[in-house]
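Examination of the molecular architecture
What follows is the residue order along each chain.
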Amino acid sequence: MRMMKNSRNETIMVVGIDHGYGNMKTATRCFPSGVARYDKEPIFQNNLLVYNGMYYQIGEEHKEFCAEKTQDEDYYVLTLAAIAKELDGKKMNQAKVHIAAGLPLTWVATQKEDFQKYLLQNECVDFIFRNKEYHVEFAGADIYPQGFAAAFYRLQDFKGINMLVDIGNGTMNIMYINNSRPLEKKCFTEKYGTHQCVLAVRESLLKELGTVGDDLVIEQVIRTGTADISEKYLTVICKAAGDYTKEIFHKLREREYNPELMRLYVVGGGGCMIQNFGEYDKSRVTIVRDICATAKGYEAMSVRKIQRNGGMLV
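Residues numbered from 1 in each chain as written. Predicted model: local features only at pLDDT ≥ 70, side-chain atom pairs only at ≥ 80, totals over all residues. Heavy atoms only, no water.

Per the UniProt annotation, the sites labelled "domain: Actin homologue MreB-like C-terminal" (unreviewed entry) are residues 164–275. For residues 164–275, helix accounts for 49% and strand for 23%, while the C-alpha atoms at its two ends are 15 Å apart. (UniProt positions renumbered as here; feature names shortened; annotations may be inferred. Helix = DSSP H or I, 4+ residues; strand = E, 2+ residues; numbered from the N terminus.)

Attention shifts here to the sheet that holds strand β8 (residues 54–58). Pairing is mixed in the open sheet, where nine strands are placed in the order β6-β8-β7-β10-β11-β9-β2-β1-β17. Each end of this open sheet is capped by a strand with a single partner; those strands are β6 (35–38) and β17 (312–313). As defined by bridge partners, strand β7 (residues 48–51) adjoins β8 across four bridges and the pair is classed as antiparallel. If you follow tyrosine 51 over to β8, its bridge partner there is methionine 54. In this fold helix α1 (residues 74–89) packs onto β2 (11–16), β6, β7, β8, β9 (94–103), β10 (124–129) and β11 (132–145), with an angle of close to 110° to the strand it touches most, β11. (Pairing = 2+ DSSP bridges. Contact = heavy atoms within 4.5 Å. Axes fitted to C-alpha atoms, helices over the stretch in contact; angles between N-to-C directions.)

A few words now on the pattern of salt bridges. By the definition in use, this model includes 12 salt bridges. Among the ionic pairs, aspartate 243 bridges to lysine 239, the shortest N-O distance being 2.8 Å. Here lysine 239 and aspartate 243 lie together in helix α6 (residues 231–254), a separation of four residues that amounts to about one turn. Assessed through its relative accessible area of 32%, aspartate 243 is described here as partly exposed. Note on lysine 239: relative accessible area 53%, which makes it exposed. (Salt bridge = Lys/Arg side-chain N within 4 Å of Asp/Glu carboxyl O. Buried < 20%, exposed > 50% of the residue type's maximum accessible area, 1.4 Å probe, protein only.)

In this fold, isoleucine 274 is placed in helix α7 (residues 271–277). According to the relative accessible area criterion, isoleucine 274 is buried, its value standing at 1%. When the C-alpha positions of isoleucine 274 and threonine 211 are compared, they lie 26 Å apart, and in sequence the two are 63 residues distant.

Moving on to the environment of asparagine 162. Note on placement: asparagine 162 falls in strand β12 (residues 161–167). Separated by 18 residues in the primary sequence, asparagine 162 and serine 180 place their C-alpha atoms 8.8 Å from one another. Apart from residues no more than four positions distant in its own chain, asparagine 162 is found in contact with Met175, Tyr176, Ile177, Asn178, Met262, Arg263 and Tyr265. Within the local environment of asparagine 162, its side chain forms a polar contact with the backbone oxygen of phenylalanine 158, the two atoms lying 3.3 Å apart. One polar contact links the side chain of asparagine 162 to the main-chain carbonyl oxygen of isoleucine 177, over a distance of 2.9 Å. (Polar contact = N/O pair within 3.5 Å; in protein donor to acceptor, adjacent residues only side chain to side chain.)

Quick look at the state of the cysteines now. This structure, assessed with the given rule, holds zero disulfides. Free cysteine: cysteine 197, not disulfide-bonded; nearest cysteine sulfur from cysteine 272 at 8.5 Å. (Disulfide = S-S within 2.5 Å.)

Geometry of a packed helix pair, given as the angle between the helix axes and the separation of the axes. Orientation of helix α4 (residues 194–209) relative to helix α5 (residues 215–224), taken along the N-to-C sense of each, is 115°, at an axis distance of 10 Å. Here α4 is positioned roughly perpendicular relative to α5, judged by the angle of their axes. Seen from above, α4 lies across α5 with right-handed handedness. Residues Cys197, Val198, Val201, Arg202 and Leu205 of α4 form the contact with α5, whose own contacting residues are Asp215, Ile218, Glu219 and Ile222. (Parallel < 35°, antiparallel > 145°, perpendicular 65-115°, else oblique. Left-handed = near helix turned anticlockwise from the far one by under 90°.)

Burial within strand β15 (residues 263–267) is extensive, with four of its five residues counted as buried. Of the crossover connections in this fold, the one passing from β15 over α7 to the parallel strand β16 (residues 285–287) is right-handed. (Right-handed = clockwise from strand over helix to strand, strands pointing away.)

Our next topic: the layout of surface pockets. A probe as big as a water molecule, rolled over the atoms, marks out the empty space that is left. One number sums up the size of the largest pocket: a volume of about 910 Å³. Along the walls of the largest pocket sit 42 residues, with Gly22, Asn23, Asn169, Thr194 and Ile291 positioned nearest its centre. When residues of the lining of the largest pocket are traced back to their parent elements, those giving at least two are β3 (18–19), β4 (23–25), β12, α4, α5 and α8 (293–308). Here the element with the most residues in the lining of the largest pocket is α5; it accounts for five residues. A class-by-class count of the residues in the lining of the largest pocket yields 12 nonpolar, 19 polar and 11 charged. If you go around the second largest pocket, the residues you meet are Leu105, Val108, Ala109, Pro145, Phe148, Met175, Pro182, Leu183, Glu184 and Cys187. Of all the elements in the fold, those that place two or more residues in the lining of the second largest pocket are α2 (108–119) and β14 (181–190). Looking at which element gives the most residues to the lining of the second largest pocket, the answer is β14, with four residues. Residue classes in the lining of the second largest pocket are distributed as nine nonpolar, no polar and one charged. (1 Å grid on protein atoms, 1.4 Å probe; cavity = no way out; pocket = protein on both sides within 12 Å on 5 of 7 lines; lining within 4 Å. Points joined across faces, edges and corners; volume = space filled by probe spheres on them. Nonpolar A, V, L, I, M, F, W, Y, C, P; charged D, E, K, R; others polar.)

The following block contains the structure:
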């Protein structure tokens, strides 16, 4: 979160938010994208958000993949939680907020306007999160291409021909960046993320061992390469994750990836699959492990835009 004065001399907080299918990320926070809605106050209230007379447990359940993030209120409620977490980090509970967010590369053109309206559906909002009251006024919202944002503050590193791959929970975004310039005509979005890998591993466990594996264990193995489980289960999980990772490289080759002619940059939470199970030349592949990199990029791009319009950092 960055404090700025806009062109009207108003103090605003620029908050970058990466609305992932698995996790919500800001520049400094990361939490699961699940939302459980209740008509009445629930018993457990560790991450309870109260908004518009309804109760929402943040981080509960798994957010299903949806091509339109505006199809329900979940991402709006998650946005409020993300803003609250950023404000709480600054010991604040009210602010005028400018949202910097994004969408998968090939969806920006068609969904940008609707997503912007969705995020700005209220001029101001009052809500409670983790027993703390918040008042937020909205100054605006910018929507940027997902993936590219993670490379925004290091474009000078992209010399020659480069393929940037952002592997999220639900999608994989691919972009070419040649001599520090993104190529708009060579952007692709595939429904090929870490959640699909979890489903593939779960199917392998059922087929090989007759067991439905817990997603938490599977996700831990994908993230770290191991878990506190027996060797036979670990072997099956690693084999399935390795096969899935091979398919990722197959998808990249379909988009003309050639490791001898270009460098590969991998961002997003799915980079752990490449690191733990991929077969690649480490001298030509860079894995950015900062899961908040995209949110930081959104924030940086909005800060630059506001500065160009006469605003300044405080």
